[in-house]
Amino acid sequence: MHRITIILLCLFAVNTASGQSLRKYPVSNSGCSAYFFCDPSGTFNTEKSPDSSDVFTGECTDDSISYGVICVRLKDQISDLKVSEDMLVSYLDYLKGSLNITSAAGYGKGHRLKNSGDTRGMIDYWKDKDGLNWKIKGWTNGKYICVLYVYTKSEVPETKANVFLDGLLFPGM
């Protein structure tokens, strides 16, 4: 109960300090949802990856901070979470190239989404060729690989970014 109170107080402090509300939005028709500080509705795109997995992307900007999600519904589910985590690393490495990332702090592994033992997550800090600062968090449960990211010209606001990056919900959560 004490933990829930602390989380609620942090969310209240973030929302009060920024004047923006945190709202839950579906990630297109992926089955996943995420909490955003801005409205990504209408920005979601759906494509097929080379292996025919469904890829959903969406982004919005508020107060010079961009918030986005890339959610891949895997065509072939992965039952071994270690293999799924390795695939997440490969996907993040791929994204670095496509997003023109020039430097990275290195993956911090060992994260669990909502303390679920059926998930794996990792975090990283990036800088791109335009000098933008990124903070990303990738999540997988063997059925999905989702990457949430925040980027801005200034320093990434840690408290706000963390609330967003941990705000993903896989189907059934």
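Our structure is the block above this text.
Cut-offs and rules
- Residues numbered from 1 in each chain as written.
- Predicted model: local features only at pLDDT ≥ 70, side-chain atom pairs only at ≥ 80, totals over all residues.
- Heavy atoms only, no water.
- Helix = DSSP H or I, 4+ residues; strand = E, 2+ residues; numbered from the N terminus.
- Expected span 1.5 Å × (residues − 1).
- Buried < 20%, exposed > 50% of the residue type's maximum accessible area, 1.4 Å probe, protein only.
- Arc of directions from axis to C-beta.
- Polar contact = N/O pair within 3.5 Å; in protein donor to acceptor, adjacent residues only side chain to side chain.
- Salt bridge = Lys/Arg side-chain N within 4 Å of Asp/Glu carboxyl O.
- Contact = heavy atoms within 4.5 Å.

K.L.:
Break down helix H2 (residues 81–98) for me, citing the residues and quoting the values.
P.N.:
Under the 1.5 Å per step criterion, the end-to-end length of H2 is 25 Å for 18 residues, consistent within 8% with the ideal 26 Å. Looking at H2, one finds that the buried residues are Leu81, Ser84, Glu85, Leu88, Val89, Tyr91, Leu92, Leu95 and Lys96. In a view along the axis of H2, the buried residues occupy a sector of 165°, so they form one face of it. The exposed set on the far side of H2, more than 90 degrees from its buried face, consists of Tyr94 and Gly97. Of the residues flanking the start of H2, the one acting as N-cap is Asp80, its side-chain oxygen 2.9 Å from the backbone nitrogen of Lys82.

K.L.:
Could you give an account of the pattern of salt bridges, naming the residues involved and the relevant values?
P.N.:
Scanning all chains against the criterion turns up seven salt bridges. In this structure, Asp54 and Lys48 form a salt bridge, with 2.7 Å as the shortest nitrogen-oxygen distance. Among the residues examined, Lys48 registers a relative accessible area of 57% and is labelled exposed. Salt-bridge contacts for Lys96 lead to Asp93; the nearest nitrogen and oxygen are separated by 3.8 Å. Residue Lys96 and its partner Asp93 are both found in helix H2; the two are separated by three residues, about one turn of the helix. Salt bridges sharing partners connect three or more residues here, namely Lys48, Asp54 and Arg73.

K.L.:
Residue-level account of unusual backbone geometry, with values.
P.N.:
With the exception of glycine, the majority of residues adopt a negative phi angle, and the majority of peptide bonds are in the trans configuration. For Asp63, which is not a glycine, the phi torsion comes out positive at approximately 55°. Tracing the chain through its elements places Asp63 in the loop between strand S4 (54–62) and strand S5 (65–73). Positive phi values are uncommon outside glycine, yet Asn115 reaches one of about 60°. Structurally, Asn115 is set in the loop between strand S7 (108–111) and strand S8 (120–128).

K.L.:
Account for the environment of Ala161, naming residues and giving values.
P.N.:
For Ala161, the position within the fold is in helix H3 (residues 158–165). Accessibility expressed as a relative area gives 0% for Ala161, which makes it buried. When near neighbours in sequence (up to four residues on either side) are disregarded, Ala161 contacts Lys135, Val150 and Val156.

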